[in-house]
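Examining the three-dimensional arrangement
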Amino acid sequence: MSARIFEPILARPAPTRSAGPLGWLRSKLFSDWKTSLATLLVGTLLAYYLPQLMDWAVLRARWLSDANDCRAEGVGACWSVVAEKYRIILFGRYPFEEQWRPLVATLLMVSLLVASCIRACWRPALALAWLLVLASFFALMYGDLAGLSKVESDRWGGLPLTILLATLSIALAFPLALAVALGRRSGLPAIRSLCTLYVELVRGVPLISVLFMASFLFPLFMPPGLNIDVLVRVVAGITLFAAAYMAEVIRGGLQAIPRGQVEAAASLGLSYWQTQRLIVLPQALATVVPGLMNNFISIFKDTSLVTIVSLYELTGSLSLGLNSDADWRPYKIEGYFFIALIYFAFCYAMSRYSLWVEQQVNKGKAR
Amino acid sequence: MNNMSDPIIIFDKVNKWYGNNFHVLRDIDLSVARGERIVICGPSGSGKSTLIRCINRLEEHQEGRLVVDGIELSDDIKATDAVRKEVGMVFQQFNLFPHLTVLDNLTLSPIWSGKIPKKEAEQNAMQQLERVKIAEQALKYPLQLSGGQQQRVAIARALCLKPKIMLFDEPTSALDPEMIKEVLDVMTELAAQGITMLCVTHEMGFAKAVADRVIFMDEGQIVEQATPQEFFSNPQSPRSRDFLSKILGH
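Below you will find a few notes about this structure. (Residues numbered from 1 in each chain as written. Chains lettered and ligands numbered in written order. Predicted model: local features only at pLDDT ≥ 70, side-chain atom pairs only at ≥ 80, totals over all residues. Heavy atoms only, no water.)

Right, let's talk about the sheet that holds strand 6 (residues 87-90) of chain B for a bit. All names here are of chain B. Ordered by their spatial adjacency, 6 strands build an open sheet running 6-7-8-3-9-10, and the pairing between neighbours is mixed. Strands at the two margins of the open sheet, each flanked by one partner only, are strand 6 and strand 10 (221-226). When strand polarity is set aside, the average angle formed by the axes of neighbouring strands in this sheet is 20°. Pairing between strand 6 and strand 7 (residues 165-169): 4 bridges, direction parallel. From the neighbouring strand, Gly-88 faces strand 7, where its bridge partner is Met-166. Docked against the sheet, helix 2 (residues 77-86) engages strand 6 and strand 7, running at close to 70° with respect to strand 6. Contacts from helix 5 (residues 147-159) reach strand 6 and strand 7 within the one sheet, and its direction differs from that of strand 6 by about 170°. (Pairing = 2+ DSSP bridges. Helix = DSSP H or I, 4+ residues; strand = E, 2+ residues; numbered from the N terminus. Axes fitted to C-alpha atoms, helices over the stretch in contact; angles between N-to-C directions. Contact = heavy atoms within 4.5 Å.)

Right under this line is the structure:
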């Protein structure tokens with residue numbers, strides 16, 4: 001072989017493939033016979049069911065009619081049930097004429113949650129905002145001051161209750177889960193066994209039984225006269241339950257941190273707590289953002305189980321509103337669609353937010 | 001060395017085991033003078049990393065005494081904290097904190113454990129980065145740098161605490177051949193400035209150029225110690241002759 005003089009080749013951009021929409025269709029939907037078959041099958045199913053769904057949900061639906069009108073022959077979905085019952089679905093058994101109070105309370109709480117998600121708001125004042133909003137939430141809901149009538153917590157219901165339960169449970173379960181996750185890796189055997197015992201015990205029972213115990217068994221062990229509000233007991237129950245799962249997710253993240261990180265921190269003279277707070281937890285939590293958000297979304301939806309102890313949050317107040325009304329009871333499915341939409345809006349927002357957080361925490365890994 | 005009357009590190013019959021059966025350090029006796037530069041070499045598993053990791057108590061010894069700058073290492077956490085402020089360490093795998101920028105990697109410990117104001121810590125950090133010739137990367141994240149650059153950042157990070165002693169645990173073993181020199185250059189410069197250095201390495205060129213003393217370890221013991229000239233030209237024990245023939249022979 002004759003020696004050739006080396007000539008450097010300048011970098012150039014990757015070739016772009018532009019075959020137009022037809023080319024896209026071919027490459028994505030009909031690239032070979034298996035893909036084509038799948039496309040045809042799915043296409044047929046959609047072509048068959050989509051028009052029927054549209055027909056039921058939109059074309060033959062009733063929107064603002066009365067119940068009799070919905071019962072007429074050939075009528076599809078009866079969305080009128082939502083127009084008729086949205087107050088009881090959203091606010092449960094809360095006194096009808098006072099329902100502006102839960103509305104304002106909910107708006108305040110949702111604004112607080114949104115603000116807490118925005119980086120520009122992460123400053124000490126946010127903690128103050130939490131205290132203020134929680135205080136006004138309870139003041140508005142409970143009343144008994146400033147001319148507001150008193151509404152006992154067992155009459156609270158609907159969306160405000162769902163949001164309150166979810167927010168408090170998540171906000172309380174997260175720090176507890178952190179402590180338990182660190183505890184399970186502690187060098188002290190007593191702390192380690194205690195945390196392991198807690199996780200295994202709580203994971204071994206269904207949430208329903210935890211709520212049942214919190215609501216009915218727990219008061220039996222309290223001294224007579226001392227009565228803890230059912231809401232507090234239920235929040236404690238969900239918190240303890242959720243924290244066990246969350247702790248295991250966080251522990252997974254802790255296991256993923258290389259030993260060298262802790263050694264480097266130690267060699268730099270950082271204490272155990274400084275190391276955990278500044279080095280280990282930021283990295284561990286960043287790796288488990290998807291798992292944590294999974295937990296948060298579960299908690300949000302699991303609040304629907306408090307119906308078992310006669311607290312009527314969103315799902316409970318739907319049943320409450322429709323079961324007692326023979327005219328509208330047949331249209332429960334439309335009601336369920338309505339609250340499914342509300343649940344979905346919240347859960348989807350949470351899941352999009354978690355994607356954003358993932359992007360933020362992975363900045364250091366980008367080339 | 002002339003100032004051996006006041007050694008900065010003293011190992012006195014130090015023993016250490018991993019588990020019950022692996023006797024990793026056996027009766028280690030060693031005095032390091034202030035400003036002395038020591039290279040430790042030996043086959044893998046000979047205990048050389050463990051030896052230097054005992055000095056800042058990343059490993060605990062079970063028997064014997066270990067005194068660093070007048071402080072005896074023990075279960076007393078205060079003693080460990082005090083020693084760690086005097087001792088900087090550089091690891092084979094760099095162990096930079098990937099979630100922090102280069103600058104934050106350097107200022108973290110001065111701010112949190114040194115209680116130094118942020119401004120001052122950052123000024124000092126920039127000086128150290130200039131010292132390792134990498135100041136322009138201060139705002140990048142570690143994983144955006146090459147291996148050699150990361151290791152130089154790690155050296156700068158250790159220097160930010162103004163340590164009296166620097167420990168290097170195979171600092172060039174994880175680097176591409178092209179990057180070894182830039183790290184060794186920084187270490188050589190450091191050695192010229194009078195800091196006490198203990199370096200586990202197989203870079204024999206570095207040992208010859210920089211070390212006051214070479215220590216050869218095998219099976220948890222110090223087999224031989226001598227000046228680099230003596231050690232490389234006239235190794236005393238058969239074990240070190242065998243070792244040298246293997247690492248210099250290729």
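Having seen it, we continue.
All names here are of chain A. Examined against the element boundaries, Thr-239 turns out to sit in helix 10 (residues 230-255). A relative accessible area of 7% places Thr-239 in the buried class. A distance of 2.6 Å separates the side chain of Thr-239 from the backbone oxygen of Val-235, its partner in a polar contact. Other than its neighbours up to four places away in sequence, Thr-239 contacts Leu-168, Ser-169, Leu-172 and Ala-173. (Buried < 20%, exposed > 50% of the residue type's maximum accessible area, 1.4 Å probe, protein only. Polar contact = N/O pair within 3.5 Å; in protein donor to acceptor, adjacent residues only side chain to side chain.)

Here we come to the side chain of Thr-275 of chain A. All names here are of chain A. Its place among the elements puts Thr-275 in helix 12 (residues 272-287). Classification of Thr-275 by relative accessible area gives buried; the value is 4%. The residues contacting Thr-275, other than those within four sequence positions of it, are Val-262, Ala-265, Leu-270 and Val-280.

The next point concerns helix 13 (residues 289-302) of chain A. All names here are of chain A. Taking 1.5 Å of rise per residue, the 14 residues of helix 13 would be expected to cover 20 Å, and the 20 Å separating its terminal C-alpha atoms lies within 8% of that figure. Taken together, the buried positions of helix 13 are occupied by Val-289, Leu-292, Met-293, Asn-295, Phe-296, Ile-297, Ile-299 and Phe-300. The elements touched by buried residues of helix 13 are helix 7 (158-184), helix 10, helix 12 and helix 15 (332-361). (Expected span 1.5 Å × (residues − 1).)

As a further point, take unusual backbone geometry. Positive phi, normally seen in glycine, also occurs at Asp-144 of chain A, with a value near 65°. Assignment of secondary structure puts Asp-144 of chain A in the loop between helix 6 (124-142) and helix 7. Here Asp-144 of chain A falls in the partly exposed class, since its relative accessible area comes to 49%. Even without being glycine, Asp-69 of chain B reaches a positive phi, approximately 50°.

Residues and elements named next belong to chain A. Assignment of secondary structure puts Met-350 in helix 15. Assessed through its relative accessible area of 17%, Met-350 is described here as buried. Distance in space between the C-alpha atoms of Met-350 and Cys-117 is 9.8 Å, their sequence separation being 233 residues. When residues no more than four places from it in sequence are discounted, the contact partners of Met-350 are Ile-170, Met-293, Phe-296, Ile-297 and Phe-300.

The biggest cluster of nonpolar side chains holds 78 residues, and the ones touching the most others in it are Met-109, Val-234, Leu-254, Val-306, Leu-311 and Leu-314 of chain A. Leave out the neighbours within four places in its chain, and Val-306 of chain A touches Leu-165, Leu-211, Val-234, Ile-238, Leu-311 and Glu-313 of chain A. Within the second largest apolar cluster, 48 residues are counted, among which are Leu-96, Leu-129, Ile-155 and Leu-159 of chain B. (Core = buried A, V, L, I, M, F, W, Y, C linked by side-chain atoms within 4.5 Å.)

To continue, consider the packing of helix 3 (residues 102-112) of chain B against helix 4 (residues 118-131) of chain B. Residue and element names in this part refer to chain B. Two elements in contact, helix 3 and helix 4, have axes separated by 9 Å at closest approach and are oriented at 125°. When the axis of helix 3 is compared with that of helix 4, the two are oblique. Seen from above, helix 3 lies across helix 4 with right-handed handedness. Side by side, helix 3 and helix 4 meet where Val-102, Leu-103, Leu-106, Thr-107, Pro-110 and Ile-111 of the first sit next to Lys-118, Ala-121, Glu-122, Ala-125, Met-126, Gln-128 and Leu-129 of the second. Counted by class, the contact of helix 3 with helix 4 contains 9 nonpolar, 2 polar and 2 charged residues. (Parallel < 35°, antiparallel > 145°, perpendicular 65-115°, else oblique. Left-handed = near helix turned anticlockwise from the far one by under 90°. Nonpolar A, V, L, I, M, F, W, Y, C, P; charged D, E, K, R; others polar.)

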